[in-house]
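A look at the structure
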Amino acid sequence: MIITPGGNRSGVIGLLNVNSKYKALQKSTDDKAVDAGSTIDTSAVTDRLGKLAESFTARIGQLQESISRNQSSASGLSDISESLGQARELLVEAGTENVSQERLQEIGQEISGLVDQINATAENTLFEGVSLLDKFNSADLGVAELSLDHKGLAAVDKAIDEVTQASSGIQENIDGLAEQLQRVEVSQENVVSAESRIRDSGFASNLLSLTTEQLSSGNSNSIFDQLKMENVMKLLS
């Protein structure tokens, strides 16, 4: 009969029972049962999980970059849409009755300034040096030269529709990428957690095997002088 220093025989029995349950759990997950005194090599599993976590990290970076690129495009299109909206208001004003020639000249100048803003936005919306909106300059949108009549208004309306459709598509991309990012982040957290648990389980099993071996050989004093029973049980909880 094995008695611990201090007579805590039930503590030893509890520890041995936990060891037996742990071995049974290993067998149920297609791992080999571990005999008393042997150890578990978890390095291969944790290495694979580590590489998987690294691949998730790389994928997270790619998704974040894609989201940033799309957000830059969306911001630029929003500015272009605002300029087109202002141009439309001016064209509507130009089409009203009793507008003086002086005011028409002012409207024409203001619209020219808005066209310049559209071109500047299209040219300067970049991501890592790459132009994102080179197809949304005033020429491609058909608003480079606007007449102050219904034709000019129709051209602006068409450009607004084009920009709106592009913005909607980009927002859908952002939403889809954000969902992917969330899933990958959760997967990464699960892998990291699993790796940590396996490392802890491997350490705990090896510790239990060592404890069982020393207890079986009668060397109980040395092991219990080094370890506290409650710490071992916490590790397995």
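Scroll up to find the structure.
Let us look at the structure shown here. Everything quoted here is computed from the prediction, not taken from an experiment.

Structural notes on the overall build of the protein chain
The secondary structure content of the protein chain amounts to seven helices and two strands. Each helix (α) and strand (β) of the protein chain, taken in turn from the N terminus, gives the series α-α-α-β-β-α-α-α-α. In the protein chain, buried positions account for 32% of the 237 residues. When contacts within the protein chain are restricted to residue pairs at least 6 apart in sequence, those whose partners lie at least 24 apart make up 72%. Counting only carbon and sulfur atoms, one obtains 48% of the accessible surface of the protein chain, whose full area is about 14,600 Å².

Some details on the side chain of Ser73
Structurally, Ser73 is set in helix H2 (residues 43–94). Once residues within four sequence positions are removed from consideration, Ser73 is found in contact with Thr125, Leu132, Leu133 and Ile170.

Some words on helix H3 (residues 101–124)
Spanning 24 residues, H3 covers 35 Å between terminal C-alpha atoms, matching the ideal 34 Å at 1.5 Å per step. Those residues of H3 lying buried are Leu104, Ile107, Ile111, Leu114, Val115, Ile118, Thr121 and Ala122. Elements in contact with the buried residues of H3: H2, strand E2 (130–131) and helix H4 (138–141).

Brief notes about the packing of H2 against H3
Each pair of packed helices can be summarised by the angle the axes make with each other and by the distance between the axes. Two elements in contact, H2 and H3, have axes whose closest approach is 9 Å; the angle formed by their N-to-C orientations is 165 degrees. Classed by the angle they form, the pair H2 and H3 counts as roughly antiparallel. Note on packing geometry: the crossing formed by H2 with H3 is left-handed. Of the residues in H3, those touching H2 at Gly76, Asp79, Ile80, Ser83, Leu84, Gln86, Ala87, Leu90, Leu91, Glu93 and Ala94 are Arg103, Leu104, Ile107, Glu110, Ile111, Leu114, Gln117, Ile118, Thr121 and Ala122. Of the residues belonging to the contact of H2 with H3, the class tally is twelve nonpolar, five polar and four charged.

Comments concerning the environment of Ser72
Mapped onto the fold, Ser72 is located in helix H2. A relative accessible area of 24% means that Ser72 is categorised as partly exposed. Between the C-alpha atom of Ser72 and that of Ile170, which follows or precedes it by 98 residues, the distance is 10.0 Å. With residues near it in sequence (within four places) discarded, Ser72 still touches Thr125, Phe127 and Leu132.

As for unusual backbone geometry
Even without a glycine there, the phi angle at Asn98 is positive, about 60 degrees. Within the secondary structure, Asn98 sits in the loop between H2 and H3. What makes Asn98 exposed here is its relative accessible area of 81%. Look at Glu128: it is not a glycine, yet its phi comes out positive at around 55 degrees. Tracing the sequence through the fold places Glu128 in the loop between strand E1 (126–127) and E2.

Basis of the calculations
Residues numbered from 1 in each chain as written. Predicted model: local features only at pLDDT ≥ 70, side-chain atom pairs only at ≥ 80, totals over all residues. Heavy atoms only, no water. Helix = DSSP H or I, 4+ residues; strand = E, 2+ residues; numbered from the N terminus. Buried < 20%, exposed > 50% of the residue type's maximum accessible area, 1.4 Å probe, protein only. Contact = heavy atoms within 4.5 Å. Areas by Shrake-Rupley, 256 points an atom, 1.4 Å probe, with all protein chains shown as cover. Expected span 1.5 Å × (residues − 1). Axes fitted to C-alpha atoms, helices over the stretch in contact; angles between N-to-C directions. Parallel < 35°, antiparallel > 145°, perpendicular 65-115°, else oblique. Left-handed = near helix turned anticlockwise from the far one by under 90°. Nonpolar A, V, L, I, M, F, W, Y, C, P; charged D, E, K, R; others polar.

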